[in-house]
Amino acid sequence: MRAPRLFAILALWSVGAAAQDFPLHAIRIEGAERYPAEAIAGLTGLRTGQPVNPEHFNEGAQRLAESGFIASSQFRYEPAEVDGTSGYAVIYRVEEVDKTTRVLLDIPGQSEDGLWKALLERDPLVLPDMPRTPAAEERYLDAVADVIEASGAPRPDLEISLEGDLASGRTAHVILPRDLPLATEIRTEGAEALAGQRIVNALKGVALGQPVTERRFLRYVVENVTPLYEEIGHLNIQYPRIELSPFGEGVAVTLHCEEGIEYQLQGVELSGEGVDAA
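Residues numbered from 1 in each chain as written. Predicted model: local features only at pLDDT ≥ 70, side-chain atom pairs only at ≥ 80, totals over all residues. Heavy atoms only, no water.

A. View of the overall build of the protein chain. Helix and strand counts for the protein chain stand at eight helices and eleven strands. Here the protein chain holds 278 residues, and 37% of them are scored as buried. Within the protein chain, contacts between residues separated by at least 24 positions form 62% of all contacts whose residues are at least 6 apart in sequence. In the structure as shown, the protein chain presents an accessible area of about 15700 Å², 49% of it carried by carbon and sulfur atoms. (Helix = DSSP H or I, 4+ residues; strand = E, 2+ residues; numbered from the N terminus. Buried < 20%, exposed > 50% of the residue type's maximum accessible area, 1.4 Å probe, protein only. Contact = heavy atoms within 4.5 Å. Areas by Shrake-Rupley, 256 points an atom, 1.4 Å probe, with all protein chains shown as cover.)

B. How the structure looks around the pairing of strand E3 (residues 70–82). Relative to strand E4 (residues 85–96), E3 is paired through twelve bridges, and the arrangement is antiparallel. For alanine 80, the partnering residue across the bridge sits in E4 and is glycine 87. In this structure, the hairpin formed by E3 and E4 is closed by a connection of two residues, where aspartate 83 is found at a positive phi of approximately 50°. (Pairing = 2+ DSSP bridges.)

C. The arrangement of helix H5 (residues 134–150) in detail. Spanning 17 residues, H5 covers 24 Å between terminal C-alpha atoms, matching the ideal 24 Å at 1.5 Å per step. For H5, the secondary structure elements touched by its buried residues are strand E5 (100–105), helix H4 (112–122), strand E6 (129–131), strand E7 (158–164) and strand E8 (171–177). Glycine 152 sits one or two residues past H5 and shows a positive phi near 100°. (Expected span 1.5 Å × (residues − 1).)

D. Structural detail: the side chain of histidine 173. In this structure, histidine 173 sits in strand E8. Relative accessible area serves as the criterion here: at 12%, histidine 173 is assigned to the buried category. Those residues in contact with histidine 173 that sit more than four places away from it in its chain are Thr101, Arg102, Val103, Leu104, Met130, Glu137, Ile160, Ser161 and Leu162.

E. Examining the sheet that holds strand E10 (residues 238–247) more closely. The three strands lie next to each other as E9-E11-E10, forming an open sheet whose pairing is mixed. The open sheet terminates on both sides in strands that have one partner only, identified here as strand E9 (183–189) and E10. Taking the axes of each pair of neighbouring strands and ignoring which way they run, one obtains an average angle of 20° across the sheet. The pairing of E9 with strand E11 (residues 250–258) spans six bridges and is classified as parallel. Bridged to isoleucine 186 within E11 is valine 253. With respect to the sheet, helix H6 (residues 196–207) is in contact with E9 and E11, its orientation differing from that of E9 by roughly 150°. The strands that helix H7 (residues 214–224) touches are E9, E10 and E11; relative to E10, the one it contacts most, it runs at about 125°. (Axes fitted to C-alpha atoms, helices over the stretch in contact; angles between N-to-C directions.)

F. Inspection of a nonpolar patch on the surface at higher detail. Together, Leu235, Ile261 and Tyr263 give the surface a local cluster of nonpolar side chains, amounting to about 310 Å² of exposed area. Looking at the element boundaries, isoleucine 261 is found in the segment after E11. With relative accessibility at 54%, the residue isoleucine 261 sits in the exposed group. (Patch = residues over 30% accessible without salt bridge, like charges linked within 9 Å, V, L, I, M, F, W, Y side chains within 5 Å. Salt bridge = Lys/Arg side-chain N within 4 Å of Asp/Glu carboxyl O.)

G. Quick look at H6. The end-to-end C-alpha separation of H6 is 15 Å, in line with the 16 Å expected for twelve residues at 1.5 Å each. Among the residues making up H6, those that are buried are Ile199, Val200, Leu203 and Ala207. When H6 is viewed along its axis, its buried side chains cluster within an angular range of 95° and face the same direction. At the exit of H6 stands glycine 209, carrying a positive phi of roughly 80°. (Arc of directions from axis to C-beta.)

H. Molecular detail of the pattern of salt bridges. If you walk through the whole model with that rule in mind, you get 17 salt bridges. Note that aspartate 146 and arginine 155 form a salt bridge whose closest N and O atoms lie 2.6 Å from each other. Between arginine 241 and glutamate 243 there is a salt bridge, and its shortest N-O distance comes to 3.1 Å. The exposure class assigned to arginine 241 is partly exposed, which follows from its relative accessible area of 41%. Residue glutamate 243 is classed as partly exposed on the basis of its relative accessible area of 34%. Several salt bridges share partner residues, and in doing so they unite Asp106, Glu163, Arg215, Arg216, Arg219 and Glu223 into one network.

See the structure below:
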């Protein structure tokens with residue numbers, strides 16, 4: 001009895017009659033690699049239990065195409081029955097967007113690790129590598145703003161900038177607030193081998209009066225202060241903490257230094273053909 005009833009439904013659709021809705025019993029995803037199948041199914045906008053006809057499946061495919069995460073998709077549908085109720089299962093065969101860029105979260109006062117943990121719990125599509133599509137960028141911006149707002153902080157107005165990632169040497173998309181505070185003072189803690197004022201002087205030209213985040217300031221430090229430490233034999237200099245605190249019309253930035261041990265050159269030995277051992 002099941003097959004004839006479902007065949008009758010298909011026959012009505014094939015001759016162009018007004019399609020009658022029947023329950024959607026299952027949404028299955030094939031071809032998922034980076035993203036959970038359940039998350040991709042959610043992009044279709046379809047929900048199991050809702051009344052559907054083939055036009056709904058077309059609309060689901062269109063939503064996948066507009067999501068920014070799926071490069072292409074095809075679908076098919078087949079009869080399904082649950083608890084004696086005839087309906088349909090739809091199967092989407094998807095190809096995910098393969099070009100992605102690393103994402104860095106640069107939000108003053110927020111832990112990047114903590115933000116990623118909250119993001120992955122909230123939206124399994126928001127991974128540290130983002131598809132290079134406008135729709136994906138919008139989803140990331142909304143998701144980060146949602147997580148920050150959910151933490152009790154004001155909802156930020158965010159943007160994405162393209163920068164080089166010092167850690168990986170790759171290009172990265174950086175999500176950060178549109179309106180950043182200006183660095184109005186620079187301070188140091190823990191600097192002994194290198195005078196704190198010398199550190200401040202090295203940073204004034206690049207950081208003072210500029211929009212600042214902890215990550216951006218660390219970049220200035222690595223490029224301008226670390227070489228000064230290396231010149232005096234401190235090769236393992238660490239900067240465990242950078243603090244931003246209100247100061248004047250902007251923020252004071254405090255750089256905490258762990259200088260480590262000083263390395264000294266004990267001697268030079270040359271060897272090889274033509275080298276005088278004396």
